[in-house]
Amino acid sequence: MYNRNRANRGENRVIRFKCTLQNTIADVLRSRGWQEVKEESGDWDFYWADVGWMREVFDHCYMEEHMRLNHFRNHYELTRKNLMAKNLKRLRKQIERDSSKIEAAKCDFFPTTFELPADYHIFVEEFKRSPNSTWIMKPIAKSQGKGIFLFRKLKDIMEWKKEDSWKIDGTKDDREPVENYVVQRYIDNPYLIGGRKFDIRCYVLVTSYIPLKVWLYRSGFGRMSNTRYSLDSIEDTFVHLTNVAIQKTAPDYDPEKGCKWSLIQLRMYLLAKHGPEPLKLYSEVWTTFLSRAYKVHRK
């Protein structure tokens, strides 16, 4: 029997959970020995809810202190590419206003970013100021490298824009609105390992926003591209994207070797090649995580 007073003291606590999914998530919750609540009105401690439940129910229900969800209401402020960029820009402006431009410059860890089609005209002005630059387009809500491409000429955008039937002049048509994209200045001189691009996948758990509590999972990994880096072919996704879903389809991909390094392997490589100096990178990365969480913690 669950006794809330005893549970608050940490005695014989039985976690009661609800889950809107019937997949591996539900299996893991059951395997922990937690008690599943299937009644609609049943009391629960933890709810693994899907996005639909969050949108329909969250704003209309009262949750007691002991209740926890797998999502925060506005989690998309960080998980959507366009909203994350918006919040980082706001953070930079806030720091510049409250402190100084020198302090705000610490937020310059992400490239110039615009949302299309909303920022199309502003983007074109920036594009014309740097005519030889390479840019990268990303759908705001897709993963695994889907829909991403690089370009150097505005006509490439015009062809893509025409295909998706944008209406940047404000006129309407009867077709479904297209998904928004973010466009960013491409970092064309990245640090390479063995001549190949890589990125770092880290996992952060936010258990509370008021007060702000953020946990960093130590066992992340580095993702490597399968092909040596070059700007000669910007259409080659095996060169420019490190997504595993992309790389494992490369003709010469070796599933035995894979394309991942653990963070420990990556640290050892940097330490052996450059000494302890690059290890400061990890504390700087941690600072960026905190900055992102801080900016949205009152939303």
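All values derive from a computational prediction rather than experimental measurement.

A. Structural context of the overall build of the protein chain. Along the backbone of the protein chain there are 12 helices and 11 strands. Across the 299 residues in the protein chain, those meeting the buried criterion constitute 33%. Partitioning the contacts of the protein chain with sequence separation of at least 6, the portion at a separation of at least 24 is 54%. Accessible surface for the protein chain amounts to roughly 19400 Å². Of this, 51% is attributable to carbon and sulfur atoms.

B. Spotlight on a nonpolar patch on the surface. Together, I264, M268 and L271 make up an exposed nonpolar region whose accessible area comes to about 310 Å². Tracing the backbone through its elements, the reader meets L271 in helix 11 (residues 263–274). Exposure remark for L271: the relative accessible area of 38% places this residue in the partly exposed category.

C. Structural detail: the pairing of strand 8 (residues 181–185). Burial runs high along strand 8: four of the five residues are buried. Alignment of strand 6 (residues 135–139) against strand 8, held across five bridges, turns out to be antiparallel. When the sheet's bridge partners are listed, M137 is paired in strand 8 with V183.

D. Fine view of the environment of N82. Along the chain, N82 turns up in helix 5 (residues 81–98). The class for N82 is buried, based on a relative accessible area of 11%. Along the chain, N82 and L116 lie 34 residues apart, while their C-alpha atoms are 9.3 Å from each other. Ignoring anything within four residues of it in the chain, the contact list for N82 reads E115, I140 and V182.

E. How the structure looks around the sheet that holds strand 3 (residues 46–48). Here four strands make up an open sheet; going across it, the order is 2-1-3-4 and the pairing parallel. Taken across any chain shown, the strands that pair with only one partner, and hence form the sheet edges, are strand 2 (35–36) and strand 4 (68–69). Judged from the three bridges that link them, strand 1 (residues 16–19) and strand 3 form a sheet pairing that is parallel. Note that in strand 3 the partner of F17 across the bridge is F46. Each of strand 1, strand 2 and strand 3 is contacted by helix 2 (residues 24–31), which is oriented at about 170° to strand 1, the strand it contacts most.

F. The arrangement of the sheet that holds strand 10 (residues 212–224) in detail. Taken together, the three strands give an open sheet; going across it, the order is 9-10-11, and neighbouring strands pair in antiparallel fashion. Either end of the sheet is taken by a strand with one partner, and the two such strands are strand 9 (198–209) and strand 11 (260–262). With strand direction ignored, the average angle separating the axes of adjacent strands in the sheet is 30°. Of the strands in this sheet, strand 9, strand 10 and strand 11 are in contact with helix 11, which crosses strand 11 at around 85°.

G. Just the nonpolar core, in detail. One finds F114, L116, Y120, F123, V124, F127, W135, M137, F151, I157, Y181 and V183 forming the largest nonpolar core, which totals 12 residues. Elements that contribute at least two residues to this core include exactly strand 5 (113–116), helix 7 (120–129), strand 6 and strand 8. In terms of residues, this core owes the most to one element, helix 7, which gives four residues. Core analysis: the next-biggest nonpolar cluster, separate from the first, contains 11 residues, L150, Y229, V239 and L241 among them.

H. How the structure looks around the pairing of strand 9. When strand 9 meets strand 10, the two strands line up antiparallel, connected through 10 bridges. Looking at strand 10, one finds that V204 is bridged to L216. Counting the residues between successive antiparallel strands, the hairpin from strand 9 to strand 10 contains two residues.

I. Molecular detail of the packing of aromatic side chains. A complete count under the given rule lists 17 aromatic pairs for this structure. Each ring, one from F123 and one from W135, has its centre 5.1 Å from the other, and the planes form 85°; the classification is edge-to-face. Of this pair, F123 sits in helix 7 while W135 is found in strand 6, placing the two residues 12 residues apart along the sequence. Taking the relative accessible area as the measure of exposure, F123 reaches 0% and is therefore buried. Given a relative accessible area of 0%, W135 falls into the buried group. The ring of F221 carries K260 above its face, with NZ or CZ at 4.6 Å from the centroid.

J. Broad picture of the pattern of salt bridges. Enumeration according to the criterion identifies 11 salt bridges in this entry. As a salt-bridge pair, R97 and D98 come within 3.9 Å of each other at their nearest N and O atoms. Across the pair, exposure class does not vary: R97 and D98 are exposed alike. Taking the shortest distance from any N to any O, the salt bridge between R223 and D199 comes out at 2.8 Å. Of this pair, R223 sits in strand 10 while D199 sits in strand 9, and the two are 24 residues apart along the sequence. We classify D199 as partly exposed; its relative accessible area is 25%. Each of R16, D43 and D45 takes part in salt bridges that share partners, so that together they form one network.

Cut-off values and rules
- Residues numbered from 1 in each chain as written.
- Predicted model: local features only at pLDDT ≥ 70, side-chain atom pairs only at ≥ 80, totals over all residues.
- Heavy atoms only, no water.
- Helix = DSSP H or I, 4+ residues; strand = E, 2+ residues; numbered from the N terminus.
- Buried < 20%, exposed > 50% of the residue type's maximum accessible area, 1.4 Å probe, protein only.
- Contact = heavy atoms within 4.5 Å.
- Areas by Shrake-Rupley, 256 points an atom, 1.4 Å probe, with all protein chains shown as cover.
- Patch = residues over 30% accessible without salt bridge, like charges linked within 9 Å, V, L, I, M, F, W, Y side chains within 5 Å.
- Salt bridge = Lys/Arg side-chain N within 4 Å of Asp/Glu carboxyl O.
- Pairing = 2+ DSSP bridges.
- Axes fitted to C-alpha atoms, helices over the stretch in contact; angles between N-to-C directions.
- Core = buried A, V, L, I, M, F, W, Y, C linked by side-chain atoms within 4.5 Å.
- Phe/Tyr/Trp six-rings, centres within 6.5 Å; stacked < 30°, edge-to-face > 60°.
- Lys NZ or Arg CZ within 6 Å of the ring centre and 35° of its normal.

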